Amino acid sequence: KMALCPAGMYTATCSFDKWIRLFDFYSGRCLAQVAGHAELVTGLRFSADGTRLLSVGGDGCIFVWKLGGGLVSAMAERLQELD
C-alpha cells in the first residue's frame with residue numbers, strides 16, 4: 001500500500017515486513033522508516049493538513065504518527081503555492 005501527502009511531495013509505503021517508509025516523491029530517496037505494528041500494515045493515510053500519518057495494522061491497531069517539522073513546513077509551503 002502507499003499514500004501520497006496532500007502536497008504531492010512525499011509518499012508513505014507499507015508492506016508485509018511491518019515497516020512504514022516515507023519517501024521523497026520526486027527523488028525516490030527514503031527519508032524515514034518506522035515500525036510499531038505487531039502485524040502487517042494494511043493501510044496508510046496522511047491527515048488533510050499533512051501533520052500526521054495514520055496507519056492501520058492487521059491486528060486492528062491504528063497508529064497516529066507525528067511528522068517532523070521540516071516535512072510539515074515543506075508541505076505547508078507547497079500547499080500555499082497550489083492555492
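Caption draft 1: The arrangement of the nonpolar core in detail. Core analysis: the biggest nonpolar cluster contains 16 residues, and Cys5, Tyr10, Leu44, Phe46, Leu53 and Met75 have the highest contact counts within it. Those elements that provide at least two residues to this core are strand E2 (10-14), strand E3 (19-24), strand E5 (41-46) and helix H1 (69-82). Setting aside residues no more than four positions away along its own chain, Phe46 makes contact with Ala3, Leu4, Cys5, Pro6, Tyr10, Ala12, Leu22, Arg52, Leu53 and Leu67.

Caption draft 2: Summary view of the sheet that holds strand E6 (residues 52-57). The antiparallel open sheet is built from three strands, whose spatial order is E5-E6-E7. Edge positions in the sheet fall to E5 and strand E7 (62-66), since each has one partner strand and no second. Strand after strand, the sheet turns through a mean of 20° between neighbouring axes, direction not considered.

Caption draft 3: Here's a closer look at the packing of aromatic side chains. Applying the stated criterion across every chain yields a total of two aromatic pairs. Ring centres 5.6 Å apart and planes at 50° place the aromatic pair Phe63 and Trp65 in the tilted group.

Caption draft 4: Region of interest: a nonpolar patch on the surface. Taken together, the side chains of Met2, Leu4, Phe25 and Tyr26 make up a nonpolar region of the molecular surface, amounting to roughly 470 Å² of accessible area. Note that Tyr26 resides in the loop between E3 and strand E4 (30-35). According to the relative accessible area criterion, Tyr26 is exposed, its value standing at 62%.

Caption draft 5: Structural view of the state of the cysteines. Across all of its chains, the model carries zero disulfides by this definition. Free cysteine: Cys5, not disulfide-bonded; nearest cysteine sulfur from Cys30 at 15 Å.

Conventions adopted
Residues numbered from 1 in each chain as written. Predicted model: local features only at pLDDT ≥ 70, side-chain atom pairs only at ≥ 80, totals over all residues. Heavy atoms only, no water. Core = buried A, V, L, I, M, F, W, Y, C linked by side-chain atoms within 4.5 Å. Buried < 20%, exposed > 50% of the residue type's maximum accessible area, 1.4 Å probe, protein only. Helix = DSSP H or I, 4+ residues; strand = E, 2+ residues; numbered from the N terminus. Contact = heavy atoms within 4.5 Å. Pairing = 2+ DSSP bridges. Axes fitted to C-alpha atoms, helices over the stretch in contact; angles between N-to-C directions. Phe/Tyr/Trp six-rings, centres within 6.5 Å; stacked < 30°, edge-to-face > 60°. Patch = residues over 30% accessible without salt bridge, like charges linked within 9 Å, V, L, I, M, F, W, Y side chains within 5 Å. Areas by Shrake-Rupley, 256 points an atom, 1.4 Å probe, with all protein chains shown as cover. Salt bridge = Lys/Arg side-chain N within 4 Å of Asp/Glu carboxyl O. Disulfide = S-S within 2.5 Å.

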